[in-house]
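Survey of secondary and tertiary structure
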Amino acid sequence: LLAALIMVLGPRWANAQSPNCGPRDKIAKFLSDNNGEARVALGLIDDTTIAEIFQSKDGETWTLLVSKVSGTSCIISAGKNWVANKPEVQGRDS
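As the structure is a computational prediction, the values presented were derived from the model and not from experiment.

1. A closer look at the side chain of Gln55
Turning to its location among the elements, Gln55 is positioned in strand 3 (residues 49–56). We classify Gln55 as buried; its relative accessible area is 16%. Within polar-contact distance, the side chain of Gln55 engages the side chain of Trp82 at 3.4 Å. Setting aside its immediate chain neighbours within four residues, Gln55 contacts Gly36, Glu37, Ala38, Val40, Thr61, Trp62 and Trp82.

See below:
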């Protein structure tokens, strides 16, 4: 699902001059300083790109960041009231 979202938003990612894009370290610092957010999850999209979820400690705010190994990141989406579910393990005996 996340990969499909990234594919749909691909043209936005291609424009690294977008106001939603910049150096990853600066964006992560901004999210920390202004929203109280820290990275809580990440996933590999391909060999050079990762998706990262930043969340405030209380879950009030969250941000989806896509980062390239080059150091450029783009904010893809942001919202409120993030709820993290523990993954269900299928096929395990109790």
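2. Notes on the pattern of salt bridges
Here the structure, examined in full by the defined rule, presents three salt bridges. One salt bridge in this structure joins Glu52 and Arg24, with 2.7 Å as the shortest N-O distance. Taken together, the residues Glu52 in strand 3 and Arg24 in helix 3 (residues 24–35) connect sequence positions 28 residues apart. The class of Glu52 is buried, set by a relative accessible area of 0%.

3. Points about helix 3
A rise of 1.5 Å per residue sets the reference length of helix 3, with its 12 residues, at 16 Å; its end C-alpha atoms lie 16 Å apart and thus fit the reference within 8%. Listed in full, the buried residues belonging to helix 3 are Ile27, Ala28 and Leu31. For helix 3, the arc enclosing every buried residue in end-on projection is 100 degrees, short of the 170-degree limit, so these residues lie on one face. Facing away from the buried side of helix 3, by more than 90 degrees, are the exposed residues Asp25, Lys26, Lys29 and Asp33. Buried positions along helix 3 lie against strand 1 (21–23), strand 2 (37–46), strand 3, strand 4 (61–68) and strand 5 (72–80). Immediately downstream of helix 3, the backbone of Gly36 shows phi near 65 degrees, a positive value.

4. A word on the pairing of strand 3
Summarising burial for strand 3: seven of the eight residues are buried, a large majority. Relative to strand 3, strand 2 runs antiparallel, the two being bridged by eight bridges. Residue pairing for strand 3: Asp46 is matched across the bridge by Thr49. The pairing of strand 3 with strand 4 spans seven bridges and is classified as antiparallel. Bridging from a neighbouring strand, Ile50 pairs with Ser67 of strand 4. In textbook terms, the turn of a hairpin is the stretch between consecutive antiparallel strands, and for strand 3 and strand 4 this stretch comprises four residues, one of which, Gly59, has a positive phi near 80 degrees.

Quick notes on the rules
Residues numbered from 1 in each chain as written. Predicted model: local features only at pLDDT ≥ 70, side-chain atom pairs only at ≥ 80, totals over all residues. Heavy atoms only, no water. Helix = DSSP H or I, 4+ residues; strand = E, 2+ residues; numbered from the N terminus. Buried < 20%, exposed > 50% of the residue type's maximum accessible area, 1.4 Å probe, protein only. Polar contact = N/O pair within 3.5 Å; in protein donor to acceptor, adjacent residues only side chain to side chain. Contact = heavy atoms within 4.5 Å. Salt bridge = Lys/Arg side-chain N within 4 Å of Asp/Glu carboxyl O. Expected span 1.5 Å × (residues − 1). Arc of directions from axis to C-beta. Pairing = 2+ DSSP bridges.

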